[in-house]
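# Summary of the model geometry
Here's the letter readout for the chains.
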Amino acid sequence: MDKLKEIINEILDNSERETIKNIRDDMSLTDDIGFDSLDLAELTVHVEKVFGIDIFEDGFVESIGDIRKKIGI
Amino acid sequence: MDKLFFYNQIDNENITYRDLIMILNGKADYHIGTSQTYGDIFINIIRTLLQGKPVTGVTDMILKIRRAKDWNINLYTSGTTGIPKKVTHSFDSLTREIKVSRDRAEDIWGLAYNPMHMAGLQVFFQALLNGNSIINLFKLSKKNIYKLIEQFNITHISATATFYRQLLPCNKIFPSIKQITFGGEKYSDKVSGEIKKIFPNARILNIYASTEAGSLFTSNGDIFWIKDRYIPFVRVVDNELLIHKDILGEFGLSGDWYHTGDMVEIININPLRFRFVARKNEIINVGGYNVSPHEVEEIISKYPKVKNVVVYGKPNSVLGNIICADIEAVASIGQKNIRLFLKDKLADYKIPRIINFVDKVEMTETGKVKRI
């Protein structure tokens, strides 16, 4: 979970957006974290690098919980 | 002192025109080792052009070469992508844009291309048909290149933007250089500006040539126009440059028009003025938006400390492709700094989301940046 938060915060920080302190399963990637499609594209690359799974491969991922299910953490 | 024909530090080759005439007349041997050298390649080409005829001197040799009939050479497209393709050129199609005149007699050429590819052969024939000296600079280090420019008073260099980029930075000036030609890759204003400082007496040219067509257009910036004699043979359709088969080498083209895969931006329709944007297969589609890697590379290269950069697309499950950049920097730069630098210079979908800092950006055999 910490690693996932780290990835998300790095994406936010790279474009000088405010980072998040905690992530929760019910958080929406777009509405709560503020990711646009470019951010999601970047997210999937970093997540795949660390966890070996392309989270968007077979459909859209909405929330932190969805990611956790896909990568099994 | 006998005039130098070819100097190549790598294989210890130092051939004068006097040596060359003796070799061609069978009065001297030429072979250095078991592997083929650039000197071997050049001498073989001249031999086949002369078809065994003896020559009385340099002027006679040039005259006989220019009368060569039924001569052709097979070249292979280097292919930054795809499979190499065989293209057969005649002497005329290969030397169409070679300029011979008395005031070119003392030019000294730096060879910065593989001699068996189109661009290297253009340099070879330009020098040979004017009786000039050729100094090999291809595959040499920055230090050696500058050393040879000074030692031989090189006046002309034709090379890729990547080659010139490797000569930067440099605090010295080299006044002997009269002409710098960019070719083979998209022209870069930034590199050209920096190069002009090192070679203050140089006229800067930009040339469009391909293995299929040979040398076709030149320009003194990034906007090209078409010489009158080529107007009927050049077209732009859907922003792609098309060339008629009558001015191409032979490679089994079906139809009359060859689709170059070079995408252009039209600046003026009549007379036609255009700028090269990218290779068709280099355009990256990011969620429906087209991105030219060259545009992104040009802007990243303006960031201080960036020495070389290559931009490419990687398949991505969210957007189809994601823009990536491999950056070779002279000192450490943060990924965030690059992104912030690009923020107000490029649309957001053009900004690389994956940035890797690498020791060296990889090159192809012809000295072009290798896209992954």
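Quantities reported herein were computed from a predicted structural model and do not represent experimental measurements.

Moving on, we get to the overall build of chain B. On a plain count of helices and strands, chain B comes out with ten helices and 20 strands. For chain B, the C-alpha radius of gyration of 22 Å lies close to 21 Å, the compact-globule estimate for 372 residues. On the principal axes, the C-alpha backbone points of chain B span a range of 70 × 50 × 40 Å. When each of the 372 residues of chain B is scored for burial, the buried share is 53%. Entry remark: accessible area of chain B is about 17,500 Å², with carbon and sulfur atoms responsible for 50%. If you average the places of the 49 positive and of the 38 negative side-chain charges in chain B, the two averages end up 3 Å apart.

As a further point, take the domain arrangement of chain B. When the parts of a complex come together, some accessible area is lost, and that lost area is often taken as the interface size. Residues and elements named next belong to chain B. Split into domains, chain B comes out as domain 1 (71-209) and domain 2 (283-357). Between domain 1 and domain 2, the C-alpha centre-to-centre distance is 29 Å. Opposite the eight residues of domain 1 that make contact, domain 2 presents six residues. For the domain 1 and domain 2 pair, buried surface summed over both sides reaches about 640 Å², with 49% attributable to carbon and sulfur atoms. Taken as a group, Arg165, Lys186 and Lys190 account for 68% of the area that domain 1 buries against domain 2, more than any other trio of residues on that side. There are zero salt bridges connecting domain 1 and domain 2. At the boundary of domain 1 and domain 2, one finds one residue pair in polar contact (both at pLDDT 80 or more). Secondary structure elements with two or more residues in the side of domain 1 that touches domain 2: helix 7 (161-166) and helix 8 (189-198).

Our focus in this paragraph is the confidence of the model for chain A. The predicted model of chain A has a mean per-residue pLDDT of 91, with 100% of residues at 70 or higher. Looking across chain A, the model is least confident in helix 3 (residues 64-71) of chain A, with a mean pLDDT of 92, and most confident in helix 1 (residues 2-14) of chain A, with 94.

All right, on to the interface of chain A and chain B then. At the junction of the two partners, chain A supplies 19 residues and chain B supplies 14 residues. Ranking the residues of chain A by area buried against chain B places Asn14, Leu38 and Glu42 of chain A at the top, with a combined share of 41%. Our enumeration of links across chain A and chain B arrives at four salt bridges. Among the salt bridges present, the one from Glu42 of chain A reaches Arg339 of chain B, with a minimum N-O distance of 2.7 Å. Counting across the chain A and chain B interface gives six residue pairs in polar contact (both at pLDDT 80 or more). Mapped by element, the contributors of at least two residues to the side of chain A that touches chain B are helix 1 and helix 2 (37-51) of chain A. Looking at which element gives the most residues to the side of chain A that touches chain B, the answer is helix 2 of chain A, with nine residues. Classifying every residue of the side of chain A that touches chain B by side-chain character gives six nonpolar, four polar and nine charged.

Residue and element names in this part refer to chain B. The strand order 11-15-14-13-12 describes an open sheet built from five strands, whose pairing is antiparallel. Unpaired on one side and paired on the other, strand 11 (223-225) and strand 12 (234-237) mark the two borders of the sheet. Geometrically, the sheet is characterised by an average inter-axis angle of 50 degrees between neighbouring strands, direction not taken into account. Sheet topology places strand 14 (residues 257-268) next to strand 15 (residues 273-279); six bridges connect them, and they run antiparallel. Considered in strand 15, the bridge of Asn268 is made with Arg273.

Residue and element names in this part refer to chain B. Close contact between helix 2 (residues 38-50) and helix 3 (residues 58-66) brings their axes to 8 Å; oriented N to C, the two are set at 70 degrees. Classified by the angle between their axes, helix 2 and helix 3 sit roughly perpendicular to one another. The way helix 2 lies across helix 3 gives a crossing that is left-handed. Seen from helix 2, the contacting residues are Ile46, Leu49 and Leu50; seen from helix 3, they are Met61, Lys64 and Ile65. Each residue belonging to the contact of helix 2 with helix 3 can be placed in one class, and the counts come to five nonpolar, no polar and one charged.

So, on to the pairing of strand 12 of chain B. All names here are of chain B. Bridge analysis of strand 12 against strand 13 (residues 240-244) gives four bridges, and the strand direction is antiparallel. Across the sheet, the residue bridging to Val237 is Glu240, located in strand 13. Where strand 12 hands over to strand 13, the hairpin turn is made up of two residues, of which Asp238 adopts a positive phi near 50 degrees.

For the rest of this paragraph, the subject is the nonpolar core. A general tendency of soluble globular proteins is for nonpolar side chains to be buried together. Residue and element names in this part refer to chain B. In terms of nonpolar packing, the biggest core is built from 41 residues, with Phe5, Ile46, Met61, Phe124 and Phe125 touching the most fellow members. Listed by contribution, the elements that provide at least two residues to this core are strand 1 (4-8), helix 1 (17-24), helix 2, helix 3, strand 3 (72-76), helix 4 (91-95), strand 5 (108-111) and helix 5 (118-128). The dominant element in this core, judged by the number of residues it contributes, is helix 2, at eight residues. Ignoring sequence-local partners within four residues, the contact set of Met61 consists of Tyr17, Leu20, Ile21, Leu24, Ile46, Leu50, Val55 and Leu128. In this structure, Ile157, Tyr164, Ile198 and Phe199 belong to the second largest nonpolar core, which totals 31 residues.

Looking now at the packing of aromatic side chains. All names here are of chain B. Applying the stated rule across the entire model yields 23 aromatic pairs over all chains. Centroid distance Phe5 to Phe6: 6.4 Å. Interplanar angle 55 degrees. Geometry classified as tilted. Taking the relative accessible area as the measure of exposure, Phe6 reaches 0% and is therefore buried. Centroid distance Phe174 to Phe199: 6.1 Å. Interplanar angle 55 degrees. Geometry classified as tilted. Taken together, the positions of Phe174 in the loop between helix 7 and strand 8 (179-182) and Phe199 in the loop between helix 8 and strand 9 (203-210) put the pair 25 residues apart, joining distant regions of the chain. Looking at Phe199, the relative accessible area reads 0%, which means it is buried.

So, how was this worked out
- Residues numbered from 1 in each chain as written.
- Chains lettered and ligands numbered in written order.
- Predicted model: local features only at pLDDT ≥ 70, side-chain atom pairs only at ≥ 80, totals over all residues.
- Heavy atoms only, no water.
- Helix = DSSP H or I, 4+ residues; strand = E, 2+ residues; numbered from the N terminus.
- Rg over C-alpha atoms; globule rule 2.2 N^0.38 Å.
- Buried < 20%, exposed > 50% of the residue type's maximum accessible area, 1.4 Å probe, protein only.
- Areas by Shrake-Rupley, 256 points an atom, 1.4 Å probe, with all protein chains shown as cover.
- Lys, Arg positive; Asp, Glu negative; His and termini not counted.
- Charge placed at Lys NZ, Arg CZ, Asp CG, Glu CD.
- Domains from an automatic or database assignment.
- Contact = heavy atoms within 4.5 Å.
- Buried area = accessible area lost by both parts, 1.4 Å probe.
- Salt bridge = Lys/Arg side-chain N within 4 Å of Asp/Glu carboxyl O.
- Polar contact = N/O pair within 3.5 Å; in protein donor to acceptor, adjacent residues only side chain to side chain.
- pLDDT = per-residue confidence, 0-100.
- Nonpolar A, V, L, I, M, F, W, Y, C, P; charged D, E, K, R; others polar.
- Pairing = 2+ DSSP bridges.
- Axes fitted to C-alpha atoms, helices over the stretch in contact; angles between N-to-C directions.
- Parallel < 35°, antiparallel > 145°, perpendicular 65-115°, else oblique.
- Left-handed = near helix turned anticlockwise from the far one by under 90°.
- Core = buried A, V, L, I, M, F, W, Y, C linked by side-chain atoms within 4.5 Å.
- Phe/Tyr/Trp six-rings, centres within 6.5 Å; stacked < 30°, edge-to-face > 60°.

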